[in-house]
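Below are the chains, spelled out letter by letter.
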Amino acid sequence: MRFSINIPNFGDFADARTVAMAAAAAEEAGWDALFIWDHMVHDKKERQGQPFGDPWMLLTAAALATSRLRLGTLVTPVARRRPEQLARQVATLDALSGGRVIFSAGLGGPIADEFGSFGEPTDPVLLAERLDEGLDLLQRYWSGERVDHIGKHYQVNDVALLPASTQRPRPPVWIAGFWPHRRPIRRAARWDGVVPLFSAGHGNLPPVDELRDLIDYVGDHRKDRQGSHFEVVVGGISPGDPARARDLIAPYADAGATWWDERQLMTTAALHRLAPVMRRINQGPPTL
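What this report covers is the structure whose coordinates are included nearby.

Calculation rules
- Residues numbered from 1 in each chain as written.
- Predicted model: local features only at pLDDT ≥ 70, side-chain atom pairs only at ≥ 80, totals over all residues.
- Heavy atoms only, no water.
- Helix = DSSP H or I, 4+ residues; strand = E, 2+ residues; numbered from the N terminus.
- Rg over C-alpha atoms; globule rule 2.2 N^0.38 Å.
- Buried < 20%, exposed > 50% of the residue type's maximum accessible area, 1.4 Å probe, protein only.
- Core = buried A, V, L, I, M, F, W, Y, C linked by side-chain atoms within 4.5 Å.
- Phe/Tyr/Trp six-rings, centres within 6.5 Å; stacked < 30°, edge-to-face > 60°.
- Axes fitted to C-alpha atoms, helices over the stretch in contact; angles between N-to-C directions.
- Parallel < 35°, antiparallel > 145°, perpendicular 65-115°, else oblique.
- Contact = heavy atoms within 4.5 Å.
- Polar contact = N/O pair within 3.5 Å; in protein donor to acceptor, adjacent residues only side chain to side chain.
- Salt bridge = Lys/Arg side-chain N within 4 Å of Asp/Glu carboxyl O.
- Pairing = 2+ DSSP bridges.

Attention shifts here to the overall build of the protein. A tally of helices and strands in the protein yields ten helices and eleven strands. Against the 2.2 N^0.38 benchmark of 19 Å for 288 residues, the protein shows a C-alpha radius of gyration of 18 Å, consistent with a compact globule. Expressed along its principal axes, the backbone C-alpha trace of the protein runs to roughly 55 × 40 × 40 Å. Expressed as a percentage of its 288 residues, the buried residues of the protein come to 54%.

Structure below.
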């Protein structure tokens, strides 16, 4: 199991210098990755007045401050982006970081805030179509090869985006989705990892049995890829005490989780404040 720090792109973490400082501290303390949210307004009424930072600029600052730490978003709503522009941003960060990018994607939400506030469509079926078509285009763009595409939502005429991504054949792609909804988990099974969301909510651990059920479902839809590595991300709040952290996390590792994503509760100000996040970063990752 590997261990990551999860921070939003608003509040104290809207500042690229703050994110760079947190990333450098996370690398020094032995964490394996830093993941940043990709939101525009997120719970618009609750976040009113808070600053937001562009996640790719924040990750650029993190990349320049580190040499080993894996970096990425959790998660990017592909339907809210132009695939060609997103492909360039990810490939540029992958080159700058020396191939340390993990790309995570999902439908994006809250839909009414993140899409509806800007006059964008809010039909989840349409957004899912854009997500799937956009993901296909992203991996083709990252190849550096010529792309011709006539789809329902996007058209591309004889374009090769160079340079290709540093990681070959492309950066790892993880897909987020709410369990027990099946469709997003089937989508994840086609890629490299799953970032499941549970009814317990961000920062709260799900029952281990729910995670086992999800992993079994993914396995049923990856039978044609047996032997290929697949990441399973579970997240919550772990204590700084190594023994207590091990007792908390070990059952999830035994169930099949491959990443522990350290998070703050969404319902508290600690979510977007530097001080509590830095305290946990400096305590170092759990050990199993």
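Note on soluble globular proteins: their nonpolar side chains tend to be buried together. Of all hydrophobic cores here, the largest spans 65 residues; its most connected members are L34, F103, L135 and I281. Listed in part, the ten residues of the second largest apolar core include A33, L74, W174 and W259.

Trans peptide bonds make up the majority, and among non-glycine residues the majority have a negative phi. Backbone torsion omega between L74 and V75 reads -5°, so that peptide bond is classified as cis. Position of V75 relative to the elements: it lies in the loop between β3 (70–73) and β4 (76–77). With an omega of 0°, the peptide bond between G109 and P110 qualifies as cis. Note that P110 resides in the loop between β5 (101–106) and α5 (111–114). The backbone of D43 sits at a positive phi, close to 50°, despite the residue not being glycine. As for its placement among the helices and strands, D43 is situated in the loop between β2 (33–36) and α2 (44–47).

Evaluation of the coordinates by the stated rule reveals seven aromatic pairs. When the ring of F10 is compared with that of W37, the centres are 5.6 Å apart and the planes differ by 80°; the resulting orientation is edge-to-face. Taken as a pair, F10 in the loop between β1 (2–7) and α1 (16–29) and W37 in the loop between β2 and α2 lie far apart in primary sequence, 27 residues in all. Accessibility expressed as a relative area gives 0% for F10, which makes it buried. Ring plane angle 75° and centroid distance 5.6 Å describe the contact between F103 and W142, whose orientation is recorded as edge-to-face. Note that F103 is positioned in strand β5 and W142 in helix α6 (residues 124–142), a separation of 39 residues in sequence. Comparing F103 with W142, the two get one shared label, buried.

This part takes up the packing of helix α3 (residues 55–64) against helix α4 (residues 83–97). In the contact formed by α3 and α4, the axes pass within 9 Å of each other and the chain directions differ by 10°. It follows from the interaxial angle that α3 and α4 lie roughly parallel. Contacts between α3 and α4 involve W56, L59, T60, A63 and L64 from the first element and L86, Q89, V90, L93, L96 and S97 from the second.

Relative to the elements of secondary structure, R170 occurs in the loop between β7 (155–159) and β8 (173–178). At a separation of 3.4 Å, a polar atom in the side chain of R170 contacts the side chain of Q139. A polar atom in the side chain of R170 sits 2.5 Å from the side chain of D192.

Mapped onto the elements of the fold, R212 is located in helix α8 (residues 208–220). The exposure class assigned to R212 is partly exposed, which follows from its relative accessible area of 37%. Sequence separation between R212 and Y252 is 40 residues; the distance between their C-alpha atoms is 8.6 Å.

We now examine the pattern of salt bridges. Under the counting rule described, the total for this entry stands at 18 salt bridges. Here R190 ties to D132 by a salt bridge, and the two come within 3.3 Å at their closest N and O atoms. Placement of the pair is R190 in the loop between α7 (182–189) and β9 (193–197) and D132 in helix α6, with a sequence separation of 58 residues. A salt bridge links D136 to R140; the nearest nitrogen and oxygen atoms lie 3.8 Å apart. Here the residue D136 and the residue R140 both occupy positions in helix α6, the gap between them amounting to four residues, near one helical turn. Classification of D136 as partly exposed rests on a relative accessible area of 30%. Accessibility expressed as a relative area gives 25% for R140, which makes it partly exposed. One network of salt bridges, with partners in common, ties together D38, R80, R81 and E114.

The subject of this paragraph is the pairing of β3. The alternating pattern of β3 places R70 and G72 and L71 and T73 on opposite faces, both of which are buried. Where β2 meets β3, four bridges bridge the pair, whose relative direction is parallel. Note on β3: the bridge partner recorded for L34 is L71. Of the pairings in the sheet, the one linking β3 to β5 comprises two bridges and is parallel in character. Considered in β5, the bridge of L71 is made with V101.

Honestly, that's just the spatial picture; any functional story needs more than this.
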